[in-house]
Amino acid sequence: MTEHIEKIQFLISRFDRETLEALEKITAKEQFKKGEILLQQGKVCRKSYLITEGVARKFTYSDKKEITTEFFFKSDIAISFTSYINQKPSREIIECLTDTTVESVDFNAFETIKKQFPLLMEYDILLTELYILWLEDRLFDFHSLNATERYEQLMKKSPEYFHHLKLTHIASYLGISLETLSRIRAKR
């Protein structure tokens, strides 16, 4: 992952002034309060949100239970990927778990300017590749690591924000019961 992030940083360092200005024009800084919703289930994901401060989570409902599918920490891009790419209604909800500051970019505006600035097309591809790598790692870890190892990895992701995550959300994300999570935490 680090190698891919370095590629993205290198590419951004190559952006000329016009490319940077075009990207800045379509980027808005927004602030949300704890509990506010960035994306409602059934609505189209029309923005990408780069988290600059705070924590958010993505979840859905299954059998009237909340299933947490992703946490977003500082420097993560919060989107419902399928909804964003296909511009179809989202199956998921994105909720702020803390007061959260983001840099948002509108889907249609980005689609327009990336046709004018080739480096933005490359940037878009690199971000997509990074998401695919994250998803593949998540699937691999889910199937190859035990619950304790998955918990420890999540704790390492962003320890300064870990205390903002509810235990029910963590258990759901890890695919374990609250009781199993309590046993894991008791052993630490």
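As the structure is a prediction and not an experimental result, all values here were calculated from the model. (Residues numbered from 1 in each chain as written. Predicted model: local features only at pLDDT ≥ 70, side-chain atom pairs only at ≥ 80, totals over all residues. Heavy atoms only, no water.)

Attention now moves to the overall build of the chain. Within the chain, the secondary structure is distributed over eight helices and eight strands. Over its C-alpha trace the chain gives a radius of gyration of 17 Å, about what one expects of a compact globule, namely 16 Å for 188 residues. When each of the 188 residues of the chain is scored for burial, the buried share is 42%. Within the chain, contacts between residues separated by at least 24 positions form 73% of all contacts whose residues are at least 6 apart in sequence. When the accessible surface of the chain is summed, it comes to about 11,300 Å², and 52% of that surface belongs to carbon and sulfur atoms. In the chain, the 28 positive side-chain charges and the 29 negative ones have mean positions that sit 6 Å from each other. (Helix = DSSP H or I, 4+ residues; strand = E, 2+ residues; numbered from the N terminus. Rg over C-alpha atoms; globule rule 2.2 N^0.38 Å. Buried < 20%, exposed > 50% of the residue type's maximum accessible area, 1.4 Å probe, protein only. Contact = heavy atoms within 4.5 Å. Areas by Shrake-Rupley, 256 points an atom, 1.4 Å probe, with all protein chains shown as cover. Lys, Arg positive; Asp, Glu negative; His and termini not counted. Charge placed at Lys NZ, Arg CZ, Asp CG, Glu CD.)

Here we take up the sheet that holds strand 7 (residues 93-96). One open sheet holds the four strands; their spatial order is 2-7-4-5, and the pairing between them is antiparallel. Whereas interior strands pair on both sides, the edge strands pair on one side only; in this sheet they are strand 2 (37-39) and strand 5 (65-72). Each neighbouring strand pair of the sheet contributes to a mean axis angle of 30 degrees, computed without reference to strand direction. Here seven bridges tie strand 4 (residues 56-62) to strand 5, and the two strands are oriented antiparallel to one another. Each residue of the ladder has a partner; that of S62, found in strand 5, is K65. (Pairing = 2+ DSSP bridges. Axes fitted to C-alpha atoms, helices over the stretch in contact; angles between N-to-C directions.)

Glancing now at unusual backbone geometry. Backbone geometry at D63 places phi at a positive 50 degrees, although glycine is not the residue there. Relative to the elements of secondary structure, D63 occurs in the loop between strand 4 and strand 5. Despite not being glycine, Q87 has its phi angle at roughly 50 degrees, a positive value. Position of Q87 among the secondary structure elements: in the loop between helix 3 (81-86) and strand 7. Overall, Q87 belongs to the partly exposed group, its relative accessible area being 22%.

The next thing to look at is the packing of aromatic side chains. Scanning the model with the defined rule gives nine aromatic pairs in all. Both rings, one in Y151 and one in F162, keep their centres 5.7 Å apart while their planes meet at 75 degrees; by these two values the pair is edge-to-face. Taken together, the positions of Y151 in helix 6 (residues 147-157) and F162 in the loop between helix 6 and helix 7 (167-174) put the pair 11 residues apart, joining distant regions of the chain. Put simply, the rings of F71, F73 and Y173 pair up and form one aromatic cluster. Positioned above the aromatic ring of F59 is the side chain of R57, whose terminal nitrogen or guanidinium carbon lies 3.7 Å from the ring centre. (Phe/Tyr/Trp six-rings, centres within 6.5 Å; stacked < 30°, edge-to-face > 60°. Lys NZ or Arg CZ within 6 Å of the ring centre and 35° of its normal.)

Among all positions of helix 4 (residues 107-116), only F107, F110, I113 and K114 are buried. Along the axis of helix 4, the buried residues cluster in a sector spanning 135 degrees; they form a single face. Looking at helix 4, the residues exposed on the side facing more than 90 degrees away from the buried face are K115 and Q116. Lining the buried residues of helix 4 we find helix 2 (17-25), strand 3 (47-53), helix 3, strand 8 (100-106) and helix 5 (118-144). The N-capping residue of helix 4, defined by a side-chain oxygen 3.0 Å from the backbone nitrogen of N108, is D106. (Arc of directions from axis to C-beta. Polar contact = N/O pair within 3.5 Å; in protein donor to acceptor, adjacent residues only side chain to side chain.)

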